[in-house]
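Observations on chain architecture
Chain by chain, the residues run as shown.
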Amino acid sequence: MHATVSSNAPTTARAEEAARNARDTRNDRLFGGLLKTCALIVLVSLVGAAASTLWLGRDAFATFGWGFLTSSAWDPTNNQYGALVPVMGTVTTALIALIFAVPVSFGIALFLTEIAPNWLRGPVSSAIELLAGIPSIIYGMWGLFIFAPFVATYIKPWLMNNLSADPPDGKISWLVQHVPFIAKFFSSEYPFFGAGVLTAGLVLAIMIIPFISSVMREVFQTVPTRLKESAYALGSSTWEVVWDIVVPYTRTAVIGGIFLGLGRALGETMAVAFVLGNTFKFTPSILETGSSIASTIANQFGEAEGLQKSALMAIAFLLFVVTFIVLTIARLMLRRLASKEGS
Amino acid sequence: MFTRKLRIAALVAASLFGMSAQATDITGAGSSFVYPVLSKWSATYAEKTGNKLNYQSVGSGAGIAQIKEGTIDFGASDAPMSAEDLAKFGLGQFPAVVGGIVPIVNLQGVAAGQLKLDGALLADIYLGKIARWSDPRIAALNPGVKIPDVKVTVVHRSDGSGTSFNFTNYLSKVSPEWASKVKFGTAVEWPAGVGGKGNEGVSQYVRQIPGSIGYVEYAYAKKNAISYTQLQNAAGKWIEPSAVTFAAAASTADWKSAKDFNLIMTNAPGDQAWPITATTWIIMYKKSKNASHTKVAFDFFKWSMENGQSQAASLDYVALPDTLVKQIEAYWAAEYKN
Amino acid sequence: MSASLYTTRRIKNIVAMILSVVATGIGLLFLAWILWETLSQGIAGLKPALFTKITAYREEGGLANAMVGSLILNVIGILIATPIGVMAGTWLAEYSRRSKLGPTIRFLNDILLSAPSIVLGLFVYTIVVLPSKWLTNGDVTFSGIAGGIALALIALPVIVRTTDEMLRLVPGTLREAALSLGVPQWKLTVQILIRAARSGIVTGVLLALARISGETAPLLFTAFGNNFMTFNPIDKMPSLPQVIYEYTKDPSPDINTLAWAGAFVLTMFVLALSLVARFVFSRSKVSHD
């Protein structure tokens, strides 16, 4: 056996190589197929979940038609439902959350990758990630018992004194007198009541900070040291290195992290349900109570029957649509940004 | 053929995981109102008999949906099912335990049980028609009580709940305007006020807002020392909420003429009856798909009605009055025949 | 002029550094605030019975069955979501370049991230709970496995997103070097790329785990809950978040205390897990140079 092999060594080696190549090709194809199957599972789960909400919500869509989107009614005893207020509440709270969470997360990631001494990085990043591990019901309880009263005592009266047409201290501020419409966004029927759109947005911001900052930190670390060191060698400050080298290098991944946070903010249920107030009055004010899609479902699903249940599933489907639109807008903005930079 | 094989395979898999050992584990789901007392009873019952009863509060509506789907052995609902609905699905229902719902207020200087309200006034407050606590109608009912002149803030439940169901049911019985405008249900379109999630949300908001009024389960108000009010009942008497007045409502309600116990106890006629008294109905199949489970479930409820009073009382529920227990046992004998 | 430019740059830098420290401070402040609140409200409930007794006994009981149930549910969820999520993320980053499907799936994955968890729970109810009821004649309905699958659906998009991002940041030079040595692509992916991106992928899995360990809504109609102890994955399975949720609604202040204590234990559990995982995986950090 051994002899024959060695006498034909060149041919066998070539044959072996061919066989190995064939095997590698086959393995590659199998491996690729396996990965693709997993990717398709993602596709199937989303399509399945979305389709099931559409199916279960078909009665509501059929009953109210397009009016479902523009009506602010939510009246279970007379079976009148509209999605306007929950959709608005979902978008506004998520937007407020992003406005606060993105800069804070960026600051945290910057601190953890460029400023903090090495021994501090591990503990601090674990601590920030721990914010993601707190159950959302605890955010809700903390929001209800601690944070909403805090907002009612310190933040809301100050905002209303400076920005509303009906301030608790009675003095209408310069800003309100000179900027049209601004007062509409900061009016409130209950000045000393803490729950509302702003409070919910702030609680959401705290909840999504760990998601955004962890991804930012992780991707900032992947920037090749030699890139950064060349910039430092040319005399750049830490801030310039981060803003001109690190951020452009990691931009798409940073956006990915922000989407991760945005996704959580749009779909969060329990934390929002406790601090949003859950009223169905249409108002542009962020100091008023409102409702969101996820909190409405959580609040009413257990007791709902018939058309009400269908309406709840219909707004769940609309959450998929809202997310789709938000992400599409974000994508278009990114593309414009990219083409501007290219030119 | 294929499906049969699949079923056998599934059964084999099930038995491998030791399903047979749990033949007498029974499952219920629904109202959150009865969750504390059912889990307390189930622990004692499991120690006595070894049979485990697993109850989870998913909400009354969901409990009814699950019993119709056949994924659980019994459902529990804060609103009774109609006779037609019961007949359509072959279900029967009976009350399990009684409790009360109380208005709570945050008025400086007004002690628990000091403020008096009648039904029509309570309804007008919730309709948003009473702006301040200095309103003459409130003063007329409360001579001698020093009520601060503050704005009235109405607090209601923001989630769907049996508490809201019974509270709004009471308001529609005492106020024609409420009955025509708002109606009653587990969730309604509230004409005024702010919404709190759960008893804890409502009581928290009432605590935070001076001049606010809300409503919670009696157990919640009592255990957390929140200031409740007196109400005038259907007989015109001023009543304080307590186990005695809840029991009075349960025993004076007209159960005899209510088919399938389809009767909402609010505004009960008795002299001592607390007007917002409520019960939760247990819903089970008349012809069970699993006889051994049903047998254990009946044994459990029979045991709880005979031996569960002290545990129920420690959680501020009231056990069913004897006359009602007899009626339920007669109902079981007549309707549940296997 | 150049001196003033230098000063502006320096001031800008200092301001940015200060703001970054402040941002970290804000994050840590809220963490401390919330943890302090759970601890101070729950400290009376942190006694041995919490870990040894079951929920059926209410205030005389503990949360032992819920802790065991949560552990089983999370393990099932992560065991399902991690391989699928990492492989799907790998496909998106390494294989989908010429395919239109890639961007579509990436986009859908982002939508899945925001799906309200109760909806995913109802979806699993339809595709797992009802069929298993039908297949076993009602013996198996709600189960730990169904709960685990619901949690996996929530963890999946988080893992896919992070794996995808992390792999795409591995420098192309690594791929080129390996391919020029004749390494087949699957070997390149498994032995080089995933290893290079390992710490990032682990972060993603940890975030996913942190997220699912606090979920209540998707478990109601899948795992259902159980007031008694069970180790059987096809039995109805309790979980800590669900019990915490139930206990915060309870009239009795003693029970509310148990809820806060449970929340504290849950948070510490997530912290411990995160520290262990970081310790295990941090040793083989691959340089990106």
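Residues numbered from 1 in each chain as written. Chains lettered and ligands numbered in written order. Predicted model: local features only at pLDDT ≥ 70, side-chain atom pairs only at ≥ 80, totals over all residues. Heavy atoms only, no water.

This paragraph deals with the overall build of chain A. When helices and strands are counted, chain A shows 14 helices and two strands. Rg of the C-alpha trace for chain A: 27 Å, well past the compact-globule value of 20 Å for 343 residues, more than 25% over. Along the three orthogonal principal directions, the C-alpha set of chain A runs to about 100 × 60 × 45 Å. For chain A, the residues scored as buried account for 58% of the 343 residues in total. Contacts in chain A between residues far apart in sequence, at least 24 positions, make up 72% of those at least 6 positions apart. Approximately 14,400 Å² of chain A is accessible, and the part contributed by carbon and sulfur atoms is 67%. (Helix = DSSP H or I, 4+ residues; strand = E, 2+ residues; numbered from the N terminus. Rg over C-alpha atoms; globule rule 2.2 N^0.38 Å. Buried < 20%, exposed > 50% of the residue type's maximum accessible area, 1.4 Å probe, protein only. Contact = heavy atoms within 4.5 Å. Areas by Shrake-Rupley, 256 points an atom, 1.4 Å probe, with all protein chains shown as cover.)

This part covers unusual backbone geometry. If you check the backbone angles, B:Ala225 has positive phi at about 50° while not being a glycine. The class for B:Ala225 is exposed, based on a relative accessible area of 70%. The phi dihedral of C:Phe224 is positive, around 75°, even though this residue is not glycine.

Residues and elements named next belong to chain B. Taken in spatial order, the three strands line up as E5-E9-E10 in an open sheet, and their pairing is mixed. At either margin of the open sheet sits one strand with a lone partner, and together these are strand E5 (116-117) and strand E10 (238-239). Sheet topology places E5 next to strand E9 (residues 230-232); two bridges connect them, and they run parallel. Its bridge partner being in E9, Leu117 is matched across the sheet by Leu231. (Pairing = 2+ DSSP bridges.)

Let us now look at a nonpolar patch on the surface. Residues and elements named next belong to chain A. A cluster of nonpolar residues, Val321, Phe324, Ile325, Ile329 and Met333, forms a patch on the protein surface that exposes about 460 Å² of accessible area. Along the chain, Ile325 falls in helix H14 (residues 306-342). Residue class for Ile325 comes out partly exposed when judged on its relative accessible area of 45%. (Patch = residues over 30% accessible without salt bridge, like charges linked within 9 Å, V, L, I, M, F, W, Y side chains within 5 Å. Salt bridge = Lys/Arg side-chain N within 4 Å of Asp/Glu carboxyl O.)

This structure, assessed with the given rule, holds 32 salt bridges over all chains. Of the charged contacts, one joins A:Glu268 and A:Arg264 as a salt bridge, the two residues approaching to 3.2 Å between their closest N and O atoms. Both residues of the pair, A:Glu268 and A:Arg264, belong to the buried class. When the shortest N-O distance is used, the salt bridge between C:Arg58 and C:Asp250 registers 3.0 Å. Placement of the pair is C:Arg58 in the loop between helix H2 (48-52) and helix H3 (64-95) and C:Asp250 in the loop between helix H11 (240-248) and helix H12 (253-281), with a sequence separation of 192 residues. Pair check on accessibility: C:Arg58 and C:Asp250 agree, each one buried.

A grouping of A:Arg20, A:Arg23, A:Arg26 and C:Lys187 is seen on the molecular surface, where their side chains present a positively charged patch. Here the positive patch takes three residues from helix H2 (residues 9-56) of chain A, the largest share from any one element. For C:Lys187, a relative accessible area of 33% puts it in the partly exposed group. (Lys, Arg positive; Asp, Glu negative; His and termini not counted. Charge placed at Lys NZ, Arg CZ, Asp CG, Glu CD.)

Contacts between the two partners involve 34 residues from chain B, matched on the other side by 28 residues from chain A. Contact between chain B and chain A buries roughly 2,500 Å² in total, counting both sides, with carbon and sulfur atoms accounting for 54%. Here chain B and chain A share zero salt bridges between them. For the pair chain B and chain A, the interface holds ten residue pairs in polar contact (both at pLDDT 80 or more). Elements that contribute at least two residues to the side of chain B that touches chain A include exactly helix H3 (60-69), strand E7 (194-196) and helix H9 (198-208) of chain B. Class assignment of the residues belonging to the side of chain B that touches chain A gives a composition of eleven nonpolar, 15 polar and eight charged. (Buried area = accessible area lost by both parts, 1.4 Å probe. Polar contact = N/O pair within 3.5 Å; in protein donor to acceptor, adjacent residues only side chain to side chain. Nonpolar A, V, L, I, M, F, W, Y, C, P; charged D, E, K, R; others polar.)

Let's shift gears to the interface of chain A and chain C. At the junction of the two partners, chain A supplies 92 residues and chain C supplies 82 residues. Carbon and sulfur atoms make up 77% of the area that chain A and chain C hide from each other, which totals about 8,000 Å². When the buried surface of chain A facing chain C is broken down by residue, A:Val42, A:Leu130 and A:Trp142 rank first, second and third, together holding 7% of it. Joining chain A to chain C, the criterion identifies one salt bridge. Residues A:Glu240 and C:Arg9 are paired through a salt bridge, measuring 2.7 Å at the closest nitrogen-oxygen approach. Along the contact surface separating chain A from chain C lie ten residue pairs in polar contact (both at pLDDT 80 or more).

Generally speaking, nonpolar side chains in soluble globular proteins are found buried as a group. Of all hydrophobic cores here, the largest spans 303 residues; its most connected members are B:Phe94 and B:Tyr126. Discounting chain neighbours no more than four positions away, the residues touching B:Phe94 are B:Phe261, B:Thr280, B:Trp281, B:Ile282, B:Met284, B:Phe298, B:Phe301, B:Met305, B:Ile328 and B:Trp332. (Core = buried A, V, L, I, M, F, W, Y, C linked by side-chain atoms within 4.5 Å.)

On to the sheet that holds strand E4 (residues 91-105) of chain B, then. All names here are of chain B. Taken in spatial order, the eight strands line up as E2-E1-E3-E11-E4-E8-E6-E7 in an open sheet, and their pairing is mixed. At either end of the open sheet lies a strand with only one pairing partner, and these are strand E2 (53-57) and E7. With strand direction ignored, the average angle separating the axes of adjacent strands in the sheet is 25°. Strand direction decides the pairing type here: E4 and strand E11 (residues 277-285), joined by nine bridges, are antiparallel. (Axes fitted to C-alpha atoms, helices over the stretch in contact; angles between N-to-C directions.)

Looking now at the packing of aromatic side chains. All names here are of chain B. Counted under the stated rule, the structure contains 49 aromatic pairs over all chains. For the pair Phe94 and Trp332, a centre-to-centre distance of 5.2 Å together with 80° between the ring planes defines the contact as edge-to-face. In this pair, Phe94 is assigned in strand E4 and Trp332 in helix H14 (residues 322-335), connecting sequence segments 238 residues apart. Judged on exposure class, the residue Phe94 and its partner Trp332 are both buried. (Phe/Tyr/Trp six-rings, centres within 6.5 Å; stacked < 30°, edge-to-face > 60°.)

Residues and elements named next belong to chain C. Where helix H5 (residues 117-135) contacts helix H6 (residues 144-168), the axes come no closer than 9 Å and their chain directions differ by 135°. Relative to H6, H5 is oriented oblique. Pair H5 / H6 crosses with right-handed handedness. Contact residues: Ser117, Leu120, Gly121, Phe123, Val124, Val128 and Val129 in H5; Ala146, Ile149, Ala150, Leu153 and Ile154 in H6. Grouping the constituent residues of the contact of H5 with H6 by class yields ten nonpolar, two polar and no charged. (Parallel < 35°, antiparallel > 145°, perpendicular 65-115°, else oblique. Left-handed = near helix turned anticlockwise from the far one by under 90°.)

On to helix H13 (residues 293-300) of chain A, then. The element H13(A) is extensively covered by neighbouring structure, given that eight of its eight residues are classed as buried. Residues A:Ile293, A:Ala294, A:Ser295, A:Thr296, A:Ile297, A:Ala298, A:Asn299 and A:Gln300 constitute the buried set of H13(A).

The next thing to look at is the environment of B:Gly198. Residue placement: B:Gly198 occurs in helix H9. Each C-alpha atom, one on B:Gly198 and one on B:Arg157, is 6.3 Å from the other, the two residues being 41 residues apart in sequence.

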